[in-house]
Amino acid sequence: MVTQEVYLLHGSIHINLLYARPGESQEEIEEVVRATNIHDFIRQLPHGYETIVGERGYLLIDGEKHRITLARVILKNSRILVLDKATSHLNSESEALTARRR
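Residues numbered from 1 in each chain as written. Predicted model: local features only at pLDDT ≥ 70, side-chain atom pairs only at ≥ 80, totals over all residues. Heavy atoms only, no water.

S.K.: Please explain the nonpolar core as it appears in this structure.
M.R.: Proteins that are soluble and globular tend to have nonpolar side chains buried together. Counting residues in hydrophobic clusters, the biggest one holds 17 residues, and the most contacted among them are Ile13, Leu17, Ile29, Val33, Tyr49 and Ile68. Broken down by secondary-structure element, the contributors of at least two residues to this core are α1 (13-18), α2 (26-35) and α4 (62-76). Setting aside residues no more than four positions away along its own chain, leucine 17 makes contact with Ile29, Val33, Tyr49, Ile68, Ala71, Arg72 and Leu75. (Core = buried A, V, L, I, M, F, W, Y, C linked by side-chain atoms within 4.5 Å. Buried < 20%, exposed > 50% of the residue type's maximum accessible area, 1.4 Å probe, protein only. Helix = DSSP H or I, 4+ residues; strand = E, 2+ residues; numbered from the N terminus. Contact = heavy atoms within 4.5 Å.)

See below:
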């Protein structure tokens, strides 16, 4: 489930993504992150996937937190996915890209 209020762990982006599927390969993670349109942003960060996001992701803006959370839930590969206004903080272009990939 992805709600409008997302929660990230105080740790790296990589750790937050692995929370869904520990042991997942970097290639699979990057494929999903590209699908949620956040890969280029992560690669531009000084520490890339190892960048610390802070408690509840406070170092990121809402749209970035939501894209990381969407990537995490896609990695989880659950049979049922509930989105409760999960894309409300994305800009219209990113929201349209995310909707097409679902």
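Resuming the write-up.
S.K.: In this structure, what is going on with α2? I would like to understand it.
M.R.: Residue pairs spaced three or four apart in an α-helix point in one direction, given the helix's 3.6 residues per turn. Those residues of α2 that fall on the buried side of the exposure criterion are Ile29, Glu30, Val32 and Val33. The buried side chains of α2 occupy one side of the element, clustering within an arc of 165° when seen end-on. Set apart from the buried face of α2 by more than 90 degrees, the exposed residues are Glu27 and Glu31. Phi turns positive one or two residues past the end of α2, at asparagine 37, with a value near 60°. (Arc of directions from axis to C-beta.)

S.K.: Help me out: how do you make sense of unusual backbone geometry in this one?
M.R.: For residues other than glycine, phi is negative in most cases, and the peptide bonds are mostly trans. Backbone geometry places arginine 56, a non-glycine residue, at a positive phi of 60°. Within the secondary structure, arginine 56 sits in the loop between α3 (39-44) and α4. One non-glycine residue with positive phi stands out, namely asparagine 77, at about 55°. Along the chain, asparagine 77 turns up in the loop between α4 and α5 (92-101). Residue asparagine 77 is classed as exposed on the basis of its relative accessible area, which comes to 58%.

S.K.: Even after reading the chapter, I still don't get the layout of surface pockets, so can you show me in this structure?
M.R.: Using a probe with the size of a water molecule, rolled over the atoms, empty space left in the structure can be pinpointed. By volume, the largest pocket amounts to about 280 Å³. Looking at the lining of the largest pocket residue by residue, the class counts come to 10 nonpolar, 3 polar and 3 charged. (1 Å grid on protein atoms, 1.4 Å probe; cavity = no way out; pocket = protein on both sides within 12 Å on 5 of 7 lines; lining within 4 Å. Points joined across faces, edges and corners; volume = space filled by probe spheres on them. Nonpolar A, V, L, I, M, F, W, Y, C, P; charged D, E, K, R; others polar.)

S.K.: Can you walk me through a nonpolar patch on the surface in this structure?
M.R.: Judged by side-chain polarity, Met1, Ile80 and Val82 come together as a nonpolar surface patch covering roughly 350 Å² of accessible area. For isoleucine 80, the location among the structural elements is in the loop between α4 and α5. (Patch = residues over 30% accessible without salt bridge, like charges linked within 9 Å, V, L, I, M, F, W, Y side chains within 5 Å. Areas by Shrake-Rupley, 256 points an atom, 1.4 Å probe, with all protein chains shown as cover. Salt bridge = Lys/Arg side-chain N within 4 Å of Asp/Glu carboxyl O.)

S.K.: Is there a simple way to explain the pattern of salt bridges in this structure?
M.R.: If you walk through the whole model with that rule in mind, you get 4 salt bridges. Residue arginine 56 pairs with glutamate 5 through a salt bridge whose shortest N-O separation is 2.7 Å. Residue arginine 56 is found in the loop between α3 and α4, and its partner glutamate 5 is found in the segment before α1; the two are separated by 51 residues along the sequence. Among the residues examined, glutamate 5 registers a relative accessible area of 43% and is labelled partly exposed. Note that glutamate 24 is salt-bridged to arginine 21, the shortest N-O span being 3.1 Å. Here arginine 21 falls in the partly exposed class, since its relative accessible area comes to 33%.

By themselves, these figures tell us nothing about what the structure is for.
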